[in-house]
Amino acid sequence: MKETEKLLEIRHLHKDYGEGTILEDVSLDIHKGEVVVLIGPSGCGKSTFLRCINGLEPIQSGEIFLDGENIIANKTKWSEVRQKIGMVFQSYDLFPHMTVLDNILLGPTKVQRRDKKEATAEAEKLLERVGLLDRKDAYPRQLSGGQKQRVAIVRALIMKPEIMLFDEVTAALDPEMVREVLDVMLELAKSGSTMMIVTHEMQFARAVADKIVFLDGGEIVETGAPEDFFNSPKTERASRFLHTFTFDQVK
Amino acid sequence: MENKREADSHFLCLKNKKGSNGVDIDFITQYAPMYVEAAKLTLRLGAIGILLSLIVGLLGALVQYYKIPVLRRIIAVYIELSRNTPLLVQLFLLYFGLPKMGIVWTSETCAIVGLTFLGGSYMAEAFRSGLESVDKIQFESGLSIGLNHSQVMRYIIFPQALSTSVPALCANVIFLIKETSVFSVVALADLMYVAKDLIGLYYKTEEALLMLVVAYLIILLPISIIASLLERRLRYAGFGN
Ligand SMILES: Nc1ncnc2c1ncn2[C@@H]1O[C@H](COP(=O)(O)OP(=O)(O)OP(=O)(O)O)[C@@H](O)[C@H]1O
Ligand SMILES: [Mg+2]
């Protein structure tokens with residue numbers, strides 16, 4: 001595990017939607033260059049957690065520090081914060097009225113006011129890396145689900161965020177594409193970026209994670225290195241959860 | 001019902017014998033310029049009214065989209081009121097009712113205000129359904145790449161909403177131009193007025209009605225064609241089919 005400075009600090013985060021509590025007293029540190037994989041049963045609050053971090057969901061109490069700055073404040077400029085926190089959603093929601101390239105260029109040109117030529121060159125490089133350069137002029141409707149998801153990842157990556165949040169991005173990918181995306185993510189991690197990944201694919205989690213965070217019932221039940229977590233989970237809840245994935249092997 | 005129809009046809013002198021032996025070309029060439037003038041008036045007032053309707057409609061739709069507390073109720077009442085009263089009645093109120101309260105507007109003002117009052121609600125509904133058709137997650141994915149609220153609206157929500165709204169907006173434009181045919185009740189020399197006038201004066205019913213129909217076709221057909229071209233362009237080019 002890399003012991004560098006903390007990039008993201010989440011302190012006692014509490015979230016509810018009015019009825020029941022969704023996230024209860026969640027605290028988590030993410031260091032620079034670290035890849036944290038968040039796993040847990042469906043409905044345990046993983047997506048909600050990611051959405052709270054980039055301000056898409058208001059929280060009821062708690063603090064979130066990005067680079068030491070509390071972003072849960074009235075004067076938070078979310079537009080600036082969100083440039084530092086890239087997010088890829090579960091449902092690869094590209095903008096249907098724009099080509100692949102325009103989808104990717106919207107952020108760099110309109111938000112960061114980067115030179116269009118320079119941004120286009122980088123967009124094309126990133127597209128090539130995920131194997132979609134030849135589809136740059138296609139519209140989202142003309143792409144498969146897996147292709148759309150890869151474009152969505154590039155759209156977030158091009159903003160050069162300090163941390164990337166991935167909400168089940170591999171769920172829609174073709175198996176042979178998982179590796180390509182994984183390599184892109186690892187390269188980014190090496191160059192100083194940080195990632196928090198939500199996934200149901202345990203093989204992927206094991207391969208990519210520095211740290212596994214197991215969330216259940218809206219609270220962090222267990223945290224550990226991937227080897228430890230998958231081989232010998234400390235909690236009963238975690239091992240029960242992992243059993244749902246090893247059922248085939250037991251038979 | 002039958003009585004009313006008979007009365008109408010009598011009013012338009014459809015039973016008049018003189019005009020039944022073929023169309024009087026001389027009459028048409030002589031009075032066509034009057035129709036041109038009337039068509040210009042119809043088009044001018046129609047265009048202003050439609051433009052204002054689009055503005056009122058967009059504002060109304062935005063109030064509803066953002067669920068702005070009090071305004072939202074006012075817009076809802078306005079839409080019901082506007083959609084459930086005929087333009088004819090609205091014009092009567094403006095032209096004959098308002099002066100009783102000391103407000104006197106010219107015929108043209110009444111026509112424009114009336115058309116805007118009617119059109120605003122239809123346009124609002126068209127814009128609203130377009131805005132509502134855009135998935136909420138589109139807004140969020142725009143925000144998450146760092147766009148601010150107005151940029152999300154401008155680059156992501158409006159283009160998609162508009163392409164959904166365009167068919168309804170075009171239908172409204174055509175509907176409103178047709179509605180201008182009641183402008184004559186506020187003493188405006190529009191197409192309908194000229195036609196009635198000629199029939200009343202010369203009993204040239206066929207010629208007058210023929211020119212009336214042709215004039216409306218000349219105005220509405222191009223709009224109709226442009227509308228369907230626009231719809232097709234938005235459907236195929238805009239979204240990559
Ligand atoms: N807008 C909302 N209003 C009310 N409840 C919500 C809302 N969004 C999510 N929830 C509830 O919050 C809980 C956590 O949802 P969340 O989507 O974060 O789970 P998740 O761990 O991402 O699940 P999955 O693995 O299925 O994606 C669920 O019980 C869900 O029903
Ligand atoms: Mg989820």
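Presented here is a report on the structure given in the accompanying data block. Everything numeric in this text was worked out from a predicted model, so none of it was measured. (Residues numbered from 1 in each chain as written. Chains lettered and ligands numbered in written order. Predicted model: local features only at pLDDT ≥ 70, side-chain atom pairs only at ≥ 80, totals over all residues. Heavy atoms only, no water.)

## What to know about the nonpolar core
Thought 1: Ranked by size, the top nonpolar core spans 136 residues in total, and within it Leu-13, Phe-49, Phe-166, Met-196 and Ile-197 of chain A together with Tyr-35 and Leu-191 of chain B carry the most contacts.
Thought 2: No other element matches the 11 residues that helix 7 (residues 149-179) of chain B contributes to this core.
Thought 3: When near neighbours in sequence (up to four residues on either side) are disregarded, Leu-191 of chain B contacts Tyr-35, Ala-38, Ala-39, Thr-42, Leu-212, Ala-215, Tyr-216 and Ile-219 of chain B.
Thought 4: Judged by nonpolar contacts, the second largest core, of 5 residues, contains Val-63, Ile-75, Tyr-78 and Ile-79 of chain B. (Core = buried A, V, L, I, M, F, W, Y, C linked by side-chain atoms within 4.5 Å. Buried < 20%, exposed > 50% of the residue type's maximum accessible area, 1.4 Å probe, protein only. Helix = DSSP H or I, 4+ residues; strand = E, 2+ residues; numbered from the N terminus. Contact = heavy atoms within 4.5 Å.)

## Some remarks on the packing of aromatic side chains
Residue and element names in this part refer to chain A.
Thought 1: For the structure shown, the criterion picks out 11 aromatic pairs over all chains.
Thought 2: Look at Phe-214 and Phe-241: their rings are 5.1 Å apart centre to centre, the planes differ by 40 degrees, and that puts the pair in the tilted class. Of the two residues, Phe-214 sits in strand 9 (residues 211-216) while Phe-241 sits in helix 9 (residues 236-250), which places them 27 residues apart along the sequence. Note on accessibility: Phe-214 and Phe-241 belong to one class, buried.
Thought 3: Members of the aromatic cluster, joined through ring pairs, are Phe-214, Phe-229, Phe-230 and Phe-241.
Thought 4: It is Arg-155 that lies over the ring of Phe-95; its NZ or CZ is 4.3 Å from the centre. (Phe/Tyr/Trp six-rings, centres within 6.5 Å; stacked < 30°, edge-to-face > 60°. Lys NZ or Arg CZ within 6 Å of the ring centre and 35° of its normal.)

## Quick look at the site of ligand 1
All names here are of chain A.
Thought 1: In the vicinity of ligand 1, the residues found are Tyr-17, Ile-22, Ser-42, Gly-43, Cys-44, Gly-45, Lys-46, Ser-47, Thr-48, Gln-90, Glu-168 and His-200.
Thought 2: Here a nitrogen atom of ligand 1 and a side-chain polar atom of Tyr-17 are 3.3 Å apart.
Thought 3: One of the backbone N or O atoms of Gly-43 is found 2.8 Å from an oxygen atom in ligand 1.
Thought 4: Within the complex, 60% of the 640 Å² of free accessible area of ligand 1 lies under protein. (Near = heavy atom within 4 Å. Polar contact = N/O pair within 3.5 Å; in protein donor to acceptor, adjacent residues only side chain to side chain. Areas by Shrake-Rupley, 256 points an atom, 1.4 Å probe, with all protein chains shown as cover.)

## Remarks on unusual backbone geometry
Residues and elements named next belong to chain A.
Thought 1: A positive phi angle is found at His-12, which is not glycine, with a value near 50 degrees.
Thought 2: By the secondary structure assignment, His-12 is in strand 1 (residues 6-16).
Thought 3: The backbone of Lys-160 shows a phi angle near 50 degrees, a positive value even though the residue is not glycine.
Thought 4: One can find Lys-160 in the loop between helix 5 (145-157) and strand 7 (163-167).

## Concerning the side chain of Ser-82 of chain B
Residue and element names in this part refer to chain B.
Thought 1: Of note, Ser-82 is situated in helix 3 (residues 69-83).
Thought 2: Note on Ser-82: relative accessible area 0%, which makes it buried.
Thought 3: One polar contact links the side chain of Ser-82 to the main-chain carbonyl oxygen of Phe-117, over a distance of 2.9 Å.
Thought 4: What Ser-82 contacts, discounting residues up to four positions off in sequence, is Gln-90, Phe-117, Leu-118 and Ser-121.

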